[in-house]
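Observations on the three-dimensional arrangement
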Amino acid sequence: MKIAILTSGILPVPAVQGGAVENLVDFYLEYNDQHHLHDITVYSIWHPDVEQHPALNSKVNHYIYIKVNSLWGRLKKYIYKQTHKEGYYHYTIEYFLDEVIRLIKHRQYDIILLENRPGYTLRIQDLTTSKIVIHQENDFLNDQSKEGMTIYDKAALIINTSDYITRRVKTIDKNSYKCKTVLNGIDTDCFYTAISQKRDFMGFHDTDFVIVYSGRLNKEKGILELLQAIKIINRADIKLLIIGGSFYGKDKQPTEFIHLLKQESEAVKDKVVFTGYLNYEQIPSYLKMADIAVVPSMWDEPFGLTVVEALAAGLPLITTRSGGIPEICDGVATIVDREDIVKNLAQAILELYHHPEKRQAMSQAALNRSKLFGKERYAQEFFEALTHIERTSV
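Heads up: these notes are all about the structure in this document. This is a predicted model, so every value here is computed, not measured. (Residues numbered from 1 in each chain as written. Predicted model: local features only at pLDDT ≥ 70, side-chain atom pairs only at ≥ 80, totals over all residues. Heavy atoms only, no water.)

Concerning the overall build of the chain
So the rule is basically this: A helix here means a DSSP run of H or I that spans at least four residues, while a strand means a run of E at least two residues long, and both kinds are numbered starting from the N terminus. For a compact globule the rule gives 2.2 Å times the number of residues to the power 0.38, and the radius of gyration it is set against comes from C-alpha atoms. Type-normalised accessible area, obtained with a 1.4 Å probe on protein chains alone, sets the label of each residue: buried when under 20%, exposed when over 50%, and partly exposed for intermediate values.
From N to C terminus, the chain includes 16 helices and 13 strands. For the chain, the C-alpha radius of gyration of 22 Å lies close to 21 Å, the compact-globule estimate for 394 residues. Its C-alpha atoms put the chain at 65 × 45 × 40 Å along the principal axes. In the chain, which comprises 394 residues, the proportion classed as buried is 55%.

Dropping the structure here:
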């Protein structure tokens, strides 16, 4: 099939600036390059680091870039903002889409695949006879979504990152035949083969019990509640390693929430280490420094890639009953309820602290479970989902 991929309009593909969605696109494009399944054209914003990326040498994957952040691009975005009414998304994304539409409206594709942007459907539905496929990483299409029914009706297929997201789409149509769940994947090999960062590099001792949190430092991720649990525990040898910033890439300025975290950690500053943003390639070795991982999400996480990363690092895991998380790790992790979360986290941490034999069993179970989430399995199932499009298009 001939497929057009419309990316988010925020980060480039290949994922030279990171981004969960962008990395997932890279995985299935890599699989397509290896197996020559489809002729795919990717529409993405431009970044200078994409120029020499080896993915651009593919014979079956083609990349077309929109220079939204050049001087001329910024000027055109400003003009676009002044001359267009409020769109479905922020004007910067709408401008990117407008530029892509100029390119695709005279080209024919079998499928136009929208990466985590179901609202794009409203702009392209009358411009093409191509089948529209939505690939959702987030809870963006449900019975409360703006123009959700219109978007749902125009989509031939909706691929969702978890059964939780599929259930959310089905609030529009409980008997929906359009939905297909494809669980995300990661490059598990880079976690299996990683060598642990030395503890003294981060100021930890070999006898310390190190808890690791990895992810964005946002309120909904539960990092504040985890800090509060560390304060309740108040043991000198229990330490917390916090990996990440407030958004993908290096934070230019700390957010108000990060200031709050720093204030909260002041009382236990000898037990808490902030790494700030790390390149993704560094994450596996930092995770392996820890004794356990905690993913304390306080919102309905659509999937939770950091959960899979912790499993692949072989870490006993504590997480919350949130969104799609239980689909990933039920039976191999300690899953706590979000109600009274600080107390629940503290109790779960102390349970693992006092029972090394339980940690060992959970570590092996985590590694075994992680084998279900390799990037090859993800890409294979993703392309298999596309074969359902004829059956779902009625």
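Continuing now.
Section: the sheet that holds strand β6 (residues 155-160)
Test applied: In this description, strands pair whenever DSSP reports at least two bridges between them. For helices, the axis comes from a line fit to the C-alpha atoms of the stretch in contact; other axes are also lines fit to C-alpha atoms, and the angle between any two N-to-C directions lies between 0 and 180 degrees. By definition, residues are in contact when any of their heavy atoms lie within 4.5 Å.
Taken in spatial order, the seven strands make up an open sheet running β3-β2-β1-β4-β5-β6-β7, and their pairing is parallel. On the outer flanks of this sheet lie β3 (61-66) and β7 (179-181), each paired with one strand and no other. Averaged over all pairs of adjacent strands, the angle between strand axes in this sheet comes to 20°, irrespective of strand direction. Two elements, strand β5 (residues 131-136) and β6, share five bridges in a ladder whose sense is parallel. Bridging across to β6, Ile134 finds its partner in Ile158. Relative to the sheet, helix α3 (residues 91-104) contacts β1 (2-6), β2 (39-45), β3 and β4 (111-115), its axis offset from that of β2 by approximately 145°. Strand contacts of helix α15 (residues 375-386): β1, β2, β4, β5, β6 and β7, with the helix running at about 160° to β6, the strand carrying the most contacts.

Side note on a nonpolar patch on the surface
Here is the rule: Only residues whose relative accessible area exceeds 30% and that form no salt bridge enter a patch; like-charged residues are grouped when within 9 Å of one another, and nonpolar side chains (Val, Leu, Ile, Met, Phe, Trp, Tyr) when within 5 Å. Only the protein chains shown count as cover for residues, and all accessible areas are computed by the Shrake-Rupley method using a 1.4 Å probe. In what follows, salt bridge is the name for a side-chain nitrogen of Lys or Arg lying within 4 Å of a carboxyl oxygen of Asp or Glu.
On the surface, Trp72, Leu75, Tyr78 and Ile79 cluster together into a nonpolar patch covering about 450 Å² of accessible area. Looking at the secondary structure, you find Leu75 in helix α2 (residues 71-83). Judged by relative accessible area, which is 40%, Leu75 ranks as partly exposed.

Some words on helix α1 (residues 20-35)
This is how it is decided: By definition here, a helix of n residues has an expected span of 1.5 Å times n minus one.
Taking 1.5 Å per residue as the helical rise, α1 with its 16 residues ought to reach 22 Å, and the 23 Å between its terminal C-alpha atoms agrees with that figure. By the burial criterion, the buried members of α1 are Val21, Glu22, Leu24, Val25, Asp26, Phe27, Tyr28, Leu29, Tyr31 and Asn32. Next to the buried residues of α1 lie β1, β2, β3, β4, β5 and α15. Just beyond α1, the residue with positive phi is His36, at close to 50°.

Side note on the pairing of strand β9 (residues 238-243)
Of all six residues that make up β9, six are buried, and the element is covered over most of its length. Neither face of β9 is left uncovered, since the one carrying Ile238, Leu240 and Ile242 and the one carrying Lys239, Leu241 and Ile243 both have all their residues buried. When strand β8 (residues 209-214) meets β9, the two strands line up parallel, connected through six bridges. Residue pairing for β9: Phe209 is matched across the bridge by Ile238. When β9 meets strand β10 (residues 272-276), the two strands line up parallel, connected through four bridges. Counterpart to Ile242 in the pairing with β10 is Phe274.

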